Amino acid sequence: MNRLENISKIVEIGAENGYNTSALLDYAVRRHILLDTVDPSLPENAKQLLQSPQFKFHQTVSGEYLAGNDRYHVIFMDGDHNYETVLTDLETIDRKRKQNCIKVIFLHDVCWPWAYRDIYYGPERIKAPHPYDYNIRVSPYEEERSEQGLSSGNYATALTEGGENNGVLCAVENFLKITGPRWRFKSFPVLYGIGILYCVKNFSPKELNAFETELHQQLSSRELMSVLELNRIENLCRIEALRLDIVRAGEVWKQDQSYIATLEANLKERDKTLEANRKEHQQTQYRLIEQEAQLEEQKRDLEKSAEEWQQNQSYIAELQTKLEQQELDLEKNAEERQRTQSYIVELQTSLDVCKQQLVDTTGKNTVLQQDLNHLSKMNCSLQEQNKAMEQERNRWQSNCNKLEKNRQELEELIRHGEHRCQELLNEITHTAARGRELEGELWNSRQKIRSLLLRTPDIFWRWHGEKWNCLLPYGVRNRCRLHKIAELLHTSEIHVFSIDVFDTLLLREYKSEITRFREIAELVHQAFPEISSRNFFQARALAHRLAYQLAKPVQGCREAAFDSIYRLIGAILQEHDAIRLAAMQEIDLSYEISHLRLNPNIRKLLEIARMRNLRIVAVSDMYLNRDALARIINNFLPPGMINEIYSSADFGISKISGLLWDELLRREQVSPQAILHLGDNPVADFEMPYIRCGITSVLLLRSALYNRYIRWRNRRNINQLQKERIYNGVR
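All figures in this text were calculated on a predicted structure; none of them were measured in a lab.

Below, the discussion takes up the sheet that holds strand β2 (residues 34–38). Read from one edge of the open sheet, 7 strands run β3-β2-β1-β4-β5-β12-β11, paired in mixed fashion. Of all strands in the sheet, those with a lone pairing partner are β3 (55–58) and β11 (183–188), marking the two edges. Across the sheet, the axes of successive neighbouring strands diverge by a mean angle of 15°, strand direction being ignored. Pairing of strand β1 (residues 9–13) with β2, which is carried by 5 bridges, proceeds in the parallel orientation. Residue Val 11 lies in a different strand from β2, and its bridge partner there is Asp 36. Against the sheet, helix α5 (residues 168–179) engages β5 (104–108), β11 and β12 (194–199), with an angle of about 155° to β11.

Printed below as a string of structure tokens:
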């Protein structure tokens with residue numbers, strides 16, 4: 001931010017705990033500028049900052065503050081992390097960009113977890129929130145809520161990740177689509193993602209150049225930042241998982257302690273019960289003694305009761321007489337009961353007649369109820385028809401709105417396409433001028449090579465045995481050249497036969513690298529329909545270029561590896577599933593195998609070398625590592641025919657720089673004259689191994705232009721050698 005000029009005010013949206021507010025105020029004091037902080041509540045740590053004359057706190061939401069008339073130049077947005085709030089604030093800022101001369105917007109949480117997932121500090125203020133819940137956990141490996149991962153706290157969080165209008169980064173991307181090229185966006189994958197959104201039209205050319213140069217320098221280690229951020233998030237998830245385990249263990253420990261306390265209380269209660277039972281037993285013995293005395297008294301009472309019983313027997317006889325008299329009275333009552341029963345039967349008959357009349361009345365009510373139900377059904381049917389007509393009208397209106405929106409998007413695409421065509425035309429013009437410069441440089445390089453060849457004719461002739469053999473490749477007759485190479489393999493000086501892989505041992509179909517990338521993208525789209533072929537093609541081409549730019553230089557040489565290319569593809573496509581990336585790598589490698597074929601002439605030379613027990617090694621400048629190259633070669637040759645494979649992807653150095661040849665000599669531990677190399681690149685496979693290391697090299701040319709050049713160089717060198725009388729008639 002020190003690169004920015006003419007700044008009078010900084011706005012911070014979202015203060016949270018106030019730590020970042022304190023840091024921004026320190027910076028504002030040093031630069032003599034103002035700081036406005038916007039938050040619905042004032043943090044405790046920020047209350048002491050109100051004493052500063054350069055600080056002002058606005059206790060409101062961001063939308064109300066931004067809609068006001070305050071002027072500001074730099075904004076730090078770390079407020080409500082959801083699509084609707086972020087997009088609304090950005091659109092408000094864009095409408096007032098000229099009035100306020102806004103230069104830079106710093107955004108937080110543009111990477112996982114809130115890049116494509118909404119979190120709502122106040123869901124009641126959101127018009128159309130996604131389905132949400134409170135205090136859920138999110139994981140970088142699961143799109144929905146997870147049992148393990150980072151907790152969202154007590155805030156409302158969207159249940160699923162991705163989809164339309166979801167997350168901070170989604171809002172920024174849609175904002176860039178709406179505003180076009182006047183805003184540019186860069187992001188740093190650290191601390192959940194820091195985004196920088198700057199308005200190009202509010203910068204001077206010098207200031208914009210300095211600002212973007214500083215950004216590009218900071219972004220040079222973006223891949224390392226991504227790896228460190230992923231590692232940090234994984235460590236946080238592990239720490240959270242350990243914390244949950246500790247909490248659960250604490251709860252189990254508390255339950256065990258409670259159970260132990262309960263057992264101790266029960267044990268004490270049991271001891272008390274035993275002591276009480278012992279005392280009660282003693283008391284029971286005392287009561288038994290007392291009861292024995294009472295039994296003696298009761299025995300005496302029984303004797304008295306026997307006398308009273310005899311008296312009662314006489315009294316019972318008197319009662320029996322009275323009972324007989326009552327039975328006679330009951331017989332009279334039974335006759336009266338029969339008369340009452342006949343009267344009840346008559347009443348029951350009258351009741352049955354009334355019930356039949358009630359049944360007839362109920363049947364009539366049932367018919368009326370059925371008619372009423374039929375009318376209700378007809379009314380419901382009419383209401384459903386009205387609802388269907390209303391839905392059809394709404395659908396027609398929605399289609400009209402979609403057509404109007406599509407028309408506006410088409411006009412925007414046409415304007416963007418015209419602008420892009422003009423940019424491509426300028427690039428083509430620049431590329432054509434650069435091509436003419438490179439043609440001039442190529443002509444100068446050829447002149448230098450020709451002068452070098454005239455000074456050192458022995459580059460193309462080597463002494464073997466008792467005669468001079470021409471080591472030029474595929475010159476006039478290929479069969480003659482293969483015969484000469486076979487003769488070299490039979491000499492006693494050669495112990496190692498080195499061979500180039502692509503366009504020498506294995507021949508490719510004539511397709512450009514861009515064409516191969518497009519066909520691989522189609523295969524990936526067939527395997528993973530959610531990834532479009534266009535997106536994968538762009539990611540594959542960009543990752544291929546970035547892998548070489550980001551590779552660690554080894555003695556000034558940068559070489560990329562297959563794995564690093566697909567790690568970059570995963571970062572570009574936001575694809576973090578290692579299994580899916582491995583499947584894409586397998587598709588790429590299978591495509592390479594299916595579009596290669598074995599060179600039959602080279603197969604014969606390999607059989608000759610194997611018959612002579614020569615050590616056979618393959619050397620390649622390729623982003624494929626040793627294992628991938630071995631898998632490709634084993635599809636065309638028997639396993640074990642190639643003893644060793646040297647790939648630039650494994651060592652980070654190339655043949656064309658000459659460093660890979662030094663590594664080959666160091667590992668093989670033989671003299672340069674004991675190695676015979678066969679390849680198709682004039683510099684990497686012929687001039688560098690021979691001129692730099694002295695390795696016997698044979699070149700297989702790939703085009704008629706090279707053949708004509710070599711024939712011209714042959715005739716020139718042969719004439720010079722004939723004059724010196726050292727030519728033995730080798731063609």
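Picking up where we left off.
Three or more residues of helix α17 (residues 682–693) are buried, namely Pro 682, Ala 684, Asp 685, Phe 686, Glu 687, Pro 689, Tyr 690 and Cys 693. If you check the start of α17, you find a side-chain oxygen 2.9 Å away from the backbone N of Val 683, and it comes from Asn 681.

For the rest of this paragraph, the subject is the nonpolar core. Ranked by internal contacts, the top residues of the largest apolar core, which has 59 residues, are Phe 536, Leu 605 and Leu 624. Ignoring any residue separated from it by four or fewer positions in sequence, one finds Leu 605 in contact with Leu 482, Ile 485, Ala 486, Leu 489, Phe 497 and Leu 678.

Contact geometry for helix α3 (residues 83–95) and α5: axes closest at 8 Å, N-to-C directions at 35°. Crossing of α3 against α5: the hand is right-handed. Here Tyr 83, Val 86, Leu 87, Leu 90, Glu 91 and Asp 94 of α3 come into contact with α5, specifically with Val 168, Cys 170, Ala 171, Val 172, Asn 174, Phe 175, Ile 178 and Thr 179. Residue classes in the contact of α3 with α5 are distributed as 10 nonpolar, 2 polar and 2 charged.

Right, let's talk about the pattern of salt bridges for a bit. Within this structure, the stated rule accounts for 18 salt bridges. The partner of Arg 580 in a salt bridge is Glu 575, and the shortest N-O contact between them spans 2.9 Å. For the pair formed by Arg 580 and Glu 575, the shared burial category is buried. Beyond isolated ion pairs, a larger network of salt bridges with shared partners links Asp 500, Lys 655 and Asp 685.

Of all residues except glycine, most have a negative phi; of all peptide bonds, most are trans. Here Trp 112 and Pro 113 are connected by a cis peptide whose omega angle stands at 10°. Examined against the element boundaries, Pro 113 turns out to sit in the loop between β5 and β6 (119–120). Residues other than glycine seldom take positive phi values, yet Gln 574 does so here, at roughly 55°. As for its placement among the helices and strands, Gln 574 is situated in the loop between α11 (562–572) and α12 (578–594). Exposure remark for Gln 574: the relative accessible area of 45% places this residue in the partly exposed category.

Another point: a negative patch on the surface. Together, Glu 292, Glu 296, Glu 297 and Asp 301 give the surface a local cluster of negative charge. Here Glu 292 lies in helix α7 (residues 222–455).

Averaged over every residue, the pLDDT of the protein is 78; the share at 70 or more is 83%. Long-range and interchain partners of residues 720–731, a stretch whose pLDDT sits below 50, account for 19 contacts in this model, where long-range means more than four residues apart.

With that out of the way, let us pick up the sheet that holds strand β15 (residues 496–500). Two pairing modes exist for strands in a sheet, parallel and antiparallel, and in both the strands are linked by backbone hydrogen bonds. Judged by pairing direction, the sheet is parallel, and its 5 strands sit side by side in the order β19-β18-β15-β20-β21 without closing on themselves. In this open sheet, the two strands that pair with only one neighbour each are β19 (644–647) and β21 (696–699). Within this sheet the neighbouring strands show an average axis-to-axis angle of 20°, counted without direction. Both strand β18 (residues 615–620) and β19 contribute to a ladder of 4 bridges, which runs parallel. The residue of β19 that forms the bridge with Ala 618 is Ile 645. Here helix α13 (residues 600–611) sits on the sheet in contact with β15, β18 and β20 (675–679), set at roughly 160° to β15. Along the sheet, helix α14 (residues 626–634) contacts β18 and β19; its crossing angle with β19, the most-contacted strand, is approximately 125°.

This part covers the environment of Leu 664. If you trace the backbone, Leu 664 turns up in helix α16 (residues 659–668). For Leu 664, a relative accessible area of 1% gives the class buried. Between the C-alpha atom of Leu 664 and that of Tyr 646, which follows or precedes it by 18 residues, the distance is 7.5 Å. When neighbours within four sequence positions are excluded, Leu 664 is seen to be in contact with Ser 498, Val 617, Val 619, Tyr 646 and Ile 675.

Analysis parameters
Residues numbered from 1 in each chain as written. Predicted model: local features only at pLDDT ≥ 70, side-chain atom pairs only at ≥ 80, totals over all residues. Heavy atoms only, no water. Pairing = 2+ DSSP bridges. Helix = DSSP H or I, 4+ residues; strand = E, 2+ residues; numbered from the N terminus. Axes fitted to C-alpha atoms, helices over the stretch in contact; angles between N-to-C directions. Contact = heavy atoms within 4.5 Å. Buried < 20%, exposed > 50% of the residue type's maximum accessible area, 1.4 Å probe, protein only. Polar contact = N/O pair within 3.5 Å; in protein donor to acceptor, adjacent residues only side chain to side chain. Core = buried A, V, L, I, M, F, W, Y, C linked by side-chain atoms within 4.5 Å. Left-handed = near helix turned anticlockwise from the far one by under 90°. Nonpolar A, V, L, I, M, F, W, Y, C, P; charged D, E, K, R; others polar. Salt bridge = Lys/Arg side-chain N within 4 Å of Asp/Glu carboxyl O. Patch = residues over 30% accessible without salt bridge, like charges linked within 9 Å, V, L, I, M, F, W, Y side chains within 5 Å. Areas by Shrake-Rupley, 256 points an atom, 1.4 Å probe, with all protein chains shown as cover. Lys, Arg positive; Asp, Glu negative; His and termini not counted. Charge placed at Lys NZ, Arg CZ, Asp CG, Glu CD. pLDDT = per-residue confidence, 0-100.

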